[in-house]
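# Coordinate inspection notes
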Amino acid sequence: MLEYISIIITAIFVNNIVFAQFLGICPFIGVSRKLSSAVGMGAAVTFVMVIATAVTWLLQTFVLDPLGLAFMQTIVFILVIAALVQMLEIILKKVAPALYSALGVFLPLITTNCAVLGVAILVIQKNFDLGQSLVYAFATAVGFTMAISIFAGIREQLALSDVPRSMRGVPIALICAGLLAMAFMGFSGIKIG
């Protein structure tokens, strides 16, 4: 149990996918103008990241490694994630139109989100079993959602603030992202177990 708690706290705070590992930066910057968009993206990433991690872990463990095709990992994982997102989009459109419309444009954006591929590869590198992989994927997605939501809240506030003209938009957003990353470095001293 302590092992899972350690994975959760480490994935959310200590090794946050955005602030410590610098994965998922494109949606972090691009979709964080409004809090509602950020939360929607976070929900979509959580959904896809957990399912993609499960599928890629199973493929790596039961297909690639036994056949000696581990060198194909990246290509296979990219294809699996893209196909999975497309299948989820089709299934959600038929089965749950409300959820499909809620996720909207975020599902196709996840296909190119390097955080999903990064987590799929990291669980293999860390030699996690399936349970640990799913907990890590979920916690990492929670960390991503938290990071993008905090950043969206800051950006909404900045839109109402009197920012010098030369700093408006991307420059002040990047400065705030850097400050957030530095703040999350404070969690690096946490030791569990």
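Notes on the structure in this doc start here. The model shown is predicted, which means the values in this text are computed figures rather than measured ones.

## A closer look at the nonpolar core
Within the largest apolar cluster, 55 residues are counted, with the highest numbers of intra-cluster contacts made by F19, F28, M41, M49, F77, I110 and Y136. Of all the elements in the fold, those that place two or more residues in this core are helix 1 (2-14), helix 3 (35-64), helix 4 (73-95), helix 6 (106-110), helix 7 (114-125), helix 8 (130-160) and helix 9 (170-184).

## Description of helix 1
For helix 1, every residue scored as buried is listed here: I7, A11, I12 and V14. Looking at the buried positions of helix 1, the neighbouring elements they touch are helix 8 and helix 9.

## Details of the side chain of N113
Position of N113 among the secondary structure elements: in the loop between helix 6 and helix 7. For N113, a relative accessible area of 3% puts it in the buried group. Polar contacts involving the side chain of N113 include one to the main-chain amide nitrogen of A115, which spans 3.0 Å.

## Describing the packing of aromatic side chains
Each pair of aromatic rings is reported with the distance of its centres and the angle of its planes. Tallied over the entire structure, the rule returns seven aromatic pairs. With 5.6 Å between their ring centres and 90° between their planes, F19 and F28 make a pair best called edge-to-face. There is no split in this pair, since F19 and F28 are both buried. Summarising the aromatic geometry, the rings of F19 and F184 are spaced 4.7 Å apart at their centres and angled 40° between planes, so their arrangement reads as tilted. Here F19, found in the loop between helix 1 and helix 2 (25-30), pairs with F184, found in helix 9; they are 165 residues apart in sequence, far enough to count as distant. Note on accessibility: F19 and F184 belong to one class, buried. Counting every residue linked through ring pairs, the aromatic cluster contains F13, F19, F28, F151, F184 and F187.

## Focus on the environment of A152
Relative to the helices and strands, A152 resides in helix 8. Once the C-alpha coordinates of A152 and V163 are considered, the two residues, 11 residues apart in sequence, prove to be 16 Å apart. For A152, the residues in contact, after removing those within four places along its chain, are S32, R33, K34, L35 and A38.

## As for the environment of I5
Following the sequence through the fold, I5 ends up in helix 1. Here the alpha-carbon distance between I5 and Y136, two residues 131 residues apart in the chain, equals 10.0 Å.

## Some details on helix 7
With 12 residues, helix 7 ought to run about 16 Å at 1.5 Å a step, and its terminal C-alpha atoms sit 16 Å apart, in line with that. The element helix 7 is largely enclosed, with a buried count of 10 among its 12 residues. Buried residues along helix 7 sit in contact with helix 3, helix 4, helix 6 and helix 8. Its side-chain oxygen placed 3.0 Å from the backbone nitrogen of A115, N113 serves as the N-cap of helix 7. Of the residues one or two after helix 7, N127 is the one with positive phi, at around 55°.

Definitions and cut-offs
- Residues numbered from 1 in each chain as written.
- Predicted model: local features only at pLDDT ≥ 70, side-chain atom pairs only at ≥ 80, totals over all residues.
- Heavy atoms only, no water.
- Core = buried A, V, L, I, M, F, W, Y, C linked by side-chain atoms within 4.5 Å.
- Buried < 20%, exposed > 50% of the residue type's maximum accessible area, 1.4 Å probe, protein only.
- Helix = DSSP H or I, 4+ residues; strand = E, 2+ residues; numbered from the N terminus.
- Contact = heavy atoms within 4.5 Å.
- Polar contact = N/O pair within 3.5 Å; in protein donor to acceptor, adjacent residues only side chain to side chain.
- Phe/Tyr/Trp six-rings, centres within 6.5 Å; stacked < 30°, edge-to-face > 60°.
- Expected span 1.5 Å × (residues − 1).

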